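# Structure at a glance
Given next are the chains, with one letter for each unit.
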Amino acid sequence: MRSVFHGLVMCGVALAAVMVVPAAAMPAPAQAAAKSPAAPGVVVGDIAHARDGLRITTQGTTLDPTPRPVAGGATMAAVTFAPGAKPGLTLQPSSGHWAWPKGELHMQLQSGMAWPVTLDVEIQSDHGTLHALVGLPPGPPMTLAIPLKPTTPRAFGMQVGPPMPWHDTIVATTVDGSFDPGTARAVHVSMPSPNAPQVVLFGGVSIAAGTPALDAAYTGIVDAYGQYTRTTWPEKIADDAALKKASLQADPASPAVPGFGGVARQGLKATGWFSLVKLKDTWTLVTPDGKAFFSLGVNAVAIDGGMTYVQGRKTMFEGLPPTNGPLGKFYGQGDDRSDNGSQRDNGMNHGQWFDFYRANLQRTYGDAWPQKWAKVTLDRLRGWGFNTLGNWSDPSLFAAHRIAYTQPVIIDGSFASVSTGYDYWGRMPDPFDPKFVAATAVAVAKASKGVREDPWLLGYFADNELAWAGRGPQGRWGLATGALQLGPESPAKQAFVASLRKKYGDAGKLAAAWGVPVASWDLLLAKGFQAPVPAEAHPAIAADYIDFLTLYAETYFRTVATALKKADPHHLFLGGRLAVRTPEVEAACARYCDVVSINAYADLPEHGLDVAAFKRMDKPVMVTEFHFGSADRGPFGNGVAAVASEGERGKAYARFVDAAKASGVIVGAHWFDYADQPVTGRILDGENSHIGLVGITDIPFAGFVKDVTEANRRAAGP
């Protein structure tokens, strides 16, 4: 396909035309029905060879009229982008508009700099505009291919698309907006705020029918072992023999610490359960046998993380095993379709999946792979200095009693809910609903069954990353405004209105305080009430919202804490694994939980949570998710907290854990997660990042785990 892309662009050298005019002289686009001739595969123009038919307008840029020869025998025009807010150039037909086929815009270009530059491309039509942001690396001429329709990697079932360039082509895998190719008006190429002159060379521009470059970008990207096919790295394997050899060589050399781990300190008591104590100015966990314990955990130590949908996109995979062969048992059927934010625009979220991780364990260990995986994994974790199995870990590992573990309390049921507008994992449970109280009791009973007498259980989490707030600068008020938009049957709305009636008595007083026309409480209770946004002129709005957010969070955590205390009085309540959160939910969690757990993706803990605030509250915190990812080991994503390369991941881990241990208030840090996510996205939501201690082949990343082990040894010590 590469040669096809190249030919479509190069044919423009002989046929294209250009006319350069200053921006101030450019007339408004013609509204007549005149169309510039275009057909599938035809040329739009060539920026390096001026002829009538194409108009180029410069804005903060300079176009060198003398074409320059480039590799491959073509010639291109140099455009200098001057420092400024958004220097650029615009391509337009000399009159009317272009009538393009449905397809891709292909533009030949080359960076004139020794470093990458960013280009912002807008393609305008009478009925919408497309927008794409692309990176242009230094090197030989490239073909930039932009689909003439909106697209994202999500449409292909993954959160991050294949890295570009691929060979000599850069495909814009994310294109936003809308577009009518029959009324194309302009192509605008700009550079976001360069602080020094930057040179880019431009050549031919053409339209290719269909989406050949986009299709090729996603074709054959995964091999038989679930690895990315278009690059290599030290841990990548080529066959079963290499897989088995690499796995055997990956066993940790360091001896595992016996028992729970921990460090003996004066003043600590053995209670038979994990507990908390404050020594001088430092909070610490205490093991059941009375030792100071900094929880070093790993999330999702499990065997089911390698599932990725194959139905509808089998062209992405090379070497998928037959369904009737020895690895056929690792196919399955799933359906993750929902209205949650995690599934918005996900084009591959149901149907047949294949589990590369378990298939690789079968290849490595044979039919006894579940037992061998469990032993090897526990050996590795203890050898690498970890002492806790974080959330979402395989319960089969708990019973070995070699490492502490955590247990989630997932509260499901038919209770009412509230939307904050974020709703990534779903709407917020309504804790004012009696059905929620009943569902909590059921969830706690399920979570505590068989573990309530186990001293290796560190404690329980309540739910996971609930949407305690909405998006944007006013997102803090999402629960309050979301509750007010519901109908009078909503328990949350009833509780909110009841608190307002108690405070104001008369609806008219509320109307005056909020600056809204509310003549009666019935108007406030009505479905669809448009809640006001807090403003300086009406400070009562924010004050009342804060009161409700506090009431909401306290009701939730009190309900869970009460149920847990009744079902299991021994173990710790580790909070709610907060992600999107407000000061009110943090304070409520601190009041009713033993530990406030926060998923904090940042370079340092204090940049992901307010360490000083928890010191003022005198409450211990546990970072229950953090990671550092890079994009040089196969999966396309580099996680929530990205670093430049694999070599930087271990350094970032050490800085984070060292700072957490030194904080005096953080009592643990849990890495997310154990294994890399599939290249084509996990079935849950399409995440596809390199964030693991091991790859999809279960082979550890040796340099990273070495750095992790050293950092863990320091953190586990005095």
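Small disclaimer: the values here were computed from a predicted structure and weren't measured. (Residues numbered from 1 in each chain as written. Predicted model: local features only at pLDDT ≥ 70, side-chain atom pairs only at ≥ 80, totals over all residues. Heavy atoms only, no water.)

### Some details on the packing of helix α9 (residues 491-504) against helix α10 (residues 507-514)
α10 packs onto α9 with a crossing angle of 95° between their chain directions and a minimal axis gap of 9 Å. Compared by their axis directions, α9 and α10 come out roughly perpendicular. Where α9 approaches α10, its residues F496, L500 and Y504 are matched on the opposing element by K509, L510, A513 and W514. (Axes fitted to C-alpha atoms, helices over the stretch in contact; angles between N-to-C directions. Helix = DSSP H or I, 4+ residues; strand = E, 2+ residues; numbered from the N terminus. Parallel < 35°, antiparallel > 145°, perpendicular 65-115°, else oblique. Contact = heavy atoms within 4.5 Å.)

### Here's the deal with the packing of aromatic side chains
The full count for this structure, using the stated rule, is 38 aromatic pairs. For the pair F260 and W456, a centre-to-centre distance of 4.2 Å together with 35° between the ring planes defines the contact as tilted. Of this pair, F260 sits in the loop between α4 (240-248) and β18 (275-279) while W456 sits in the loop between α7 (434-448) and β29 (457-462), placing them 196 residues apart in sequence. The two residues F260 and W456 agree in class, both being buried. Residues Y653 and F704 carry aromatic rings whose centres are separated by 6.3 Å and whose planes lie at 90° to one another, so their mutual orientation is edge-to-face. Of this pair, Y653 sits in helix α15 (residues 646-662) while F704 sits in helix α16 (residues 702-716), and the two are 51 residues apart along the sequence. By the burial criterion, Y653 is buried, and F704 matches it. Sitting over the face of the ring of F461, R577 holds its NZ or CZ atom 5.4 Å from the ring centroid. Against the face of F704 rests R649, its NZ or CZ located 4.0 Å from the ring centre. (Phe/Tyr/Trp six-rings, centres within 6.5 Å; stacked < 30°, edge-to-face > 60°. Buried < 20%, exposed > 50% of the residue type's maximum accessible area, 1.4 Å probe, protein only. Lys NZ or Arg CZ within 6 Å of the ring centre and 35° of its normal.)

### Quick look at empty space enclosed by the protein
With the rule as written, the count across this model stands at 1 cavity of 30 Å³ or more. What the largest cavity holds in volume is close to 110 Å³. Around the largest cavity, the lining is made up of 17 residues, and of these W233, R633, D676, G695 and I696 lie nearest the centre. Tallied by class, the residues present in the lining of the largest cavity amount to 7 nonpolar, 6 polar and 4 charged. (1 Å grid on protein atoms, 1.4 Å probe; cavity = no way out; pocket = protein on both sides within 12 Å on 5 of 7 lines; lining within 4 Å. Points joined across faces, edges and corners; volume = space filled by probe spheres on them. Nonpolar A, V, L, I, M, F, W, Y, C, P; charged D, E, K, R; others polar.)

### Observations concerning unusual backbone geometry
Cis rather than trans, the peptide bond between M164 and P165 has omega equal to 0°. Looking at the element boundaries, P165 is found in the loop between β13 (142-147) and β14 (169-171). Omega for the bond connecting F672 with D673 falls within 30 degrees of zero, at -5°, which places this linkage in the cis form. One can find D673 in the loop between β33 (666-671) and α16. One non-glycine residue, D618, lies in the positive phi region at around 55°. Looking at the element boundaries, D618 is found in the loop between α14 (611-617) and β32 (621-626). For D618, a relative accessible area of 35% gives the class partly exposed.

### What about the pairing of β32?
Looking down a regular strand, the side chains alternate between one sheet face and the other. Extensive coverage of β32 is indicated by the burial of 6 of its 6 residues. Relative to β32, strand β31 (residues 596-599) runs parallel, the two being bridged by 4 bridges. Looking at the pairing, N599 lines up with E625 of β32. Handedness of the β31-α14-β32 crossover: right-handed. When β32 meets β33, the two strands line up parallel, connected through 4 bridges. For F626, the partnering residue across the bridge sits in β33 and is W671. Read from β32 through α15 to β33, the crossover connection turns out right-handed. (Pairing = 2+ DSSP bridges. Right-handed = clockwise from strand over helix to strand, strands pointing away.)

### Details of α7
Spanning 15 residues, α7 covers 22 Å between terminal C-alpha atoms, matching the ideal 21 Å at 1.5 Å per step. The set of residues buried in α7 consists of F436, A439, T440, A443, V444, A447 and S448. Each buried residue of α7 sits inside an arc of 155° when the element is viewed along its axis, so together they form one side. Looking at α7, the residues exposed on the side facing more than 90 degrees away from the buried face are P434, V442 and K446. Where α7 is buried, its residues meet β26 (404-409), β28 (428-429), β29 and α12 (539-567). One side-chain oxygen of the residue at the start of α7 lies 3.0 Å from the amide nitrogen of K435, identifying that residue as D433. Once α7 ends, the next one or two residues include G450, with phi positive near 80°. (Expected span 1.5 Å × (residues − 1). Arc of directions from axis to C-beta. Polar contact = N/O pair within 3.5 Å; in protein donor to acceptor, adjacent residues only side chain to side chain.)

### Some thoughts on the nonpolar core
Ranked by internal contacts, the top residues of the largest apolar core, which has 154 residues, are W468, W514, F557, Y653, Y674 and L693. Looking at which element gives the most residues to this core, the answer is α12, with 14 residues. Sequence-distant contacts of W514, defined by excluding residues within four places in its chain, comprise L484, F496, L500, Y504, P532, H538, A540, I541, D544 and Y545. In this structure, I123, L130, L201 and I207 belong to the second largest nonpolar core, which totals 47 residues. (Core = buried A, V, L, I, M, F, W, Y, C linked by side-chain atoms within 4.5 Å.)

### Points about the environment of G421
Relative to the elements of secondary structure, G421 occurs in the loop between β27 (417-418) and β28. As for G421 and A469, which are separated by 48 residues in sequence, their C-alpha atoms are 8.0 Å apart.

### Re the side chain of R577
Mapped onto the elements of the fold, R577 is located in the loop between β30 (572-573) and α13 (583-592). Judged by its relative accessible area of 0%, R577 falls in the buried class. Beyond its immediate sequence surroundings of up to four residues, R577 is in contact with N299, N391, W392, F461, D463, N464, E465, S597, N599, T624 and E625.

### Digging into the sheet that holds β30
As summarised here, the arrangement of the 8 strands in space is β30-β29-β26-β25-β21-β33-β32-β31, forming an open sheet in which the pairing is parallel. In the strand order of this sheet, the two ends are held by β30 and β31, each with one partner. Summarising the sheet, β26 and β29 pair through 5 bridges and their orientation is parallel. Bridging from a neighbouring strand, T406 pairs with G459 of β29.

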